[in-house]
Every structure is written in C-alpha cells, then in structure tokens.
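Architecture and fold: a report
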Amino acid sequence: MKFKNFDKRGYPTVTAKTGYGEWAETYESTVPDLLDLKIFDSLKSVNWSESQKCLDLACGTGRIGQFLQNEGLQNIDGLDLTPEMLALARTKNIYKKLILGSVEETNLPANEYDLITMSLVDEHLNNLTKIYHEAARLSQKEATFVVVGIHPFFLMNGMPTHYDDKDGNPKAIDTHIHLPSHHFTSATSSGWKLIEFVEGVIDEDWVQLKPKWEKHRDCPINFGYVWKT
Ligand SMILES: C[S@@+](CC[C@H](N)C(=O)[O-])C[C@H]1O[C@@H](n2cnc3c(N)ncnc32)[C@H](O)[C@@H]1O
C-alpha cells in the first residue's frame with residue numbers, strides 16, 4: 001500500500017540509498033533501541049547462540065550485528081544497500097563479510113545460512129514476496145528468519161521514516177505499508193512457517209522517551225516475526 005495515502009507530513013521524499021547515505025552519520029543517535037532491539041530481546045523462540053552462520057540483511061551501521069554478537073554469535077555476515085551505512089558497520093569489526101547489495105537480490109550463494117535477520121527495512125520495500133523468496137533461497141534446510149519492523153498501524157498515523165539533512169531540513173525515505181497479512185502471504189508462499197509473532201505498543205517507556213507521543217499511547221509501534229523453513 002502506498003504511504004502517500006496516509007502522509008500527514010508532506011516532507012520531500014528520497015530513495016532509501018540517498019536517504020540513508022545522508023542520514024548515516026547521525027543514524028545511531030536518532031534510532032531508539034526500543035524500536036527494534038526490544039523486540040529482538042523479547043523473542044522466545046530463537047536460541048541465538050545456536051547459530052553457526054548468520055546473515056544480517058539491511059545491516060545498516062551494525063546495531064543488530066552488535067546485538068547478535070552480544071548473544072554469542074561469531075559468524076555473522078551483513079548486507080546493505082548504502083555504502084555510508086556499511087562503512088560505519090565496518091568500524092565495529094563484528095561482521096565476517098560486509099556486502100553491498102539489495103536484500104531482494106543478494107547474489108549470495110544459496111543454502112548458506114541457518115539464521116537470517118532483517119530489521120527496520122520492510123517499509124522501504126515495495127513488494128515483500130521478493131525478500132521472503134530470497135531469504136528462503138539463502139537458508140539452510142532448517143533455518144530461522146527474524147523480521148522486525150515498524151508497525152503498519154503506526155505508519156498509518158501519517159509519519160514516514162524520516163531524518164534531518166545536514167541543513168536541518170526533514171526528509172522522508174520512500175515508505176510502503178505492509179499489513180501482517182501481506183507478510184504472512186508472502187512468507188508462506190516462499191515456504192516459511194510462522195513460529196512467533198509479537199507486537200509492541202507505545203507504552204510508558206516510549207512516552208518517557210518521546211513525551212509528544214502521549215497522543216499515540218497504546219498504538220502499535222513495532223512487530224517481530226520468527227519464520228522457520
Ligand atoms: C532503518 S535502517 C536499519 C538498519 C539496521 N538493520 C538497524 O536496525 O539499525 C534501514 C537500512 O536498510 C537499508 N536498505 C534499504 N533498502 C534496502 C534494500 N533494498 N536492500 C538492502 N538494504 C536496504 C538502508 O541502507 C539502511 O541501512
């Protein structure tokens with residue numbers, strides 16, 4: 001679904017590559033761990049440290065890689081579209097390989113990974129089928145795919161993923177809205193089975209962090225899916 005039907009901000013909109021290229025330097029100081037790491041932390045069906053070979057799709061600056069390493073993973077590759085984000089990930093020395101590419105068509109060899117993570121990127125993808133299909137192709141026989149993102153109900157409040165450029169002007173990054181049924185249909189048609197589904201809402205922790213979001217209290221803000229082959 002097109003975000004523009006819900007847009008209440010009207011910010012100039014750029015592609016993901018341009019946007020994250022401009023945002024990279026300040027990205028980590030503006031993305032709260034509550035948005036995704038809290039969801040990762042809450043998942044009960046994943047035994048992170050069991051993974052022998054993990055791929056972090058849309059790894060960005062390496063926040064998820066850091067979480068995975070803290071959970072005991074040692075063999076993690078990362079892939080991202082934006083060179084500026086990858087350059088920052090590289091400084092963390094977490095990933096074995098860092099690959100410049102698209103999550104929809106990675107050009108990586110098939111059947112390599114027992115764990116794939118993908119956080120905060122589905123809203124930039126027009127079509128979910130490609131990503132679930134590509135993740136299935138990359139997966140070993142019994143693999144886990146963890147997908148964490150911004151909840152579509154929150155995006156429907158009219159605020160796209162956005163950042164301030166170097167002149168302090170807000171810019172939106174191309175945003176799409178995917179309902180849970182879109183995830184379910186795309187994933188199951190690629191052979192994934194749903195093992196766990198969690199949703200987070202704007203709670204007291206969020207209101208403490210962003211007092212203006214009191215008006216959004218109890219609105220869903222994020223989600224996490226755990227899929228298995
Ligand atoms: C909000 S950041 C999330 C980064 C990281 N996963 C995290 O949680 O901090 C979104 C990332 O997705 C990347 N991205 C957007 N579209 C992509 C695509 N089609 N293929 C690969 N990476 C993409 C961007 O370059 C950016 O680094």
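Figured I'd write up the structure that's included with this text. (Residues numbered from 1 in each chain as written. Predicted model: local features only at pLDDT ≥ 70, side-chain atom pairs only at ≥ 80, totals over all residues.)

Description of the sheet that holds strand β8 (residues 170-173)
Strand pairing in a sheet takes place through backbone hydrogen bonds and is either antiparallel or parallel in direction. Definition in use: When DSSP finds two or more bridges between two strands, those strands count as paired. Helix and strand assignments come from DSSP, with helices taken as H or I runs of at least 4 residues and strands as E runs of at least 2, each series counted from the N terminus.
The three strands are arranged β1-β8-β7 in an open sheet whose pairing can be described as mixed. Looking at strand neighbours, the two that pair on one side only are β1 (13-14) and β7 (162-164), the edges of this open sheet. Judged from the two bridges that link them, β1 and β8 form a sheet pairing that is parallel. Looking at the pairing, Thr 13 lines up with Ala 172 of β8.

Here we look at the site of the ligand
Test applied: Nearness here is judged by the C-beta atom: place it from the backbone, and if it falls within 6 Å of a molecule or strand, the residue counts as near that partner. Under the scheme applied, nonpolar residues are Ala, Val, Leu, Ile, Met, Phe, Trp, Tyr, Cys and Pro; charged residues are Asp, Glu, Lys and Arg; polar residues are all the others, including Gly.
Residues in close proximity to the ligand total 20 residues, the closest being Ala 16, Ala 58, Gly 60, Leu 81 and Thr 82. Breaking the shell around the ligand down by element, the ones donating at least two residues are α1 (16-30) and α3 (63-70). By residue class, the composition of the shell around the ligand is 11 nonpolar, five polar and four charged.

Examining the sheet that holds strand β2 (residues 54-57)
Which entries qualify depends on this criterion: Between N-to-C directions, angles cover 0 to 180 degrees, with each direction set by a line fitted to C-alpha atoms, over the stretch in contact for helices. Residue pairs are scored as contacts if the distance between their C-beta atoms, which are placed from the backbone, is within 7 Å.
Taken in spatial order, the seven strands make up an open sheet running β4-β3-β2-β5-β6-β10-β9, and their pairing is mixed. Strand pairing shows two members of the sheet lacking a second neighbour, β4 (97-100) and β9 (193-201), which therefore form its edges. Averaged over all pairs of adjacent strands, the angle between their axes in this sheet comes to 15°, without regard to strand direction. Examined bridge by bridge, β2 and strand β5 (residues 113-119) share four bridges and lie parallel to one another. The residue of β5 that forms the bridge with Asp 56 is Thr 117. The strands touched by helix α4 (residues 83-90) within the sheet are β3 (76-80) and β4, with β4 carrying the most contacts at an inclination of about 175°.

As for the packing of α1 against α4
Between α1 and α4, the shortest axis-to-axis distance is 7 Å and the interhelical angle comes to 35°. Touching Tyr 20, Gly 21 and Ala 24 of α1 are Glu 84, Met 85 and Leu 88, all from α4. Of the residues belonging to the contact of α1 with α4, the class tally is four nonpolar, one polar and one charged.

A word on α4
Convention followed: In this scheme every C-beta is placed from the backbone, and a residue whose C-beta has 20 or more other C-beta atoms within 10 Å is buried, one with 12 or fewer is exposed, and one in between is partly exposed. Note: the arc covers the axis-to-C-beta directions of the helix.
Three or more residues of α4 are buried, namely Met 85, Leu 86 and Ala 89. All buried residues of α4 project into a common sector of 95° when viewed along the axis, lining one side. With respect to the buried face of α4, the exposed residues turned more than 90 degrees away are Pro 83 and Ala 87. Tucked inside the fold, the buried residues of α4 contact α1, α3, β3 and β4.

Section: the nonpolar core
Inclusion rule: Any set of buried Ala, Val, Leu, Ile, Met, Phe, Trp, Tyr and Cys residues joined through C-beta atoms within 7 Å is what this text calls a nonpolar core.
Among the nonpolar cores identified, the biggest contains 51 residues, and Ile 116 and Phe 145 are the most heavily contacted of them. The greatest single-element share of this core, amounting to six residues, is contributed by helix α5 (residues 128-138). Grouped together as the second largest cluster of nonpolar side chains are eight residues, Phe 3, Ile 177, Ile 202 and Trp 206 included.

Some words on the pairing of β3
Working note: regular strand, side chains alternate between the two faces of the sheet. The criterion, for reference: Whether a crossover is right-handed comes down to one check: with the strands pointing away from the viewer, does the path from the first strand over the helix to the second run clockwise; if it does, it is right-handed.
Counting buried positions along β3 yields five of five residues, so the element is predominantly enclosed. Because side chains alternate across β3, one face comprises the buried residues Ile 76, Gly 78 and Asp 80, and the other comprises Asp 77 and Leu 79, equally buried. With four bridges joining them, β2 and β3 adopt parallel strand pairing. Within β3, the residue paired with Leu 57 across the bridge is Leu 79. Taken together, β2, α3 and β3 form a β-α-β motif whose crossover is right-handed. Relative to β4, β3 runs parallel, the two sharing four bridges. Residue Asp 80 lies in a different strand from β4, and its bridge partner there is Leu 100. In this fold, the crossover linking β3 to β4 by way of α4 has right-handed handedness.

Scope: geometric values only; no functional claims are made or implied.
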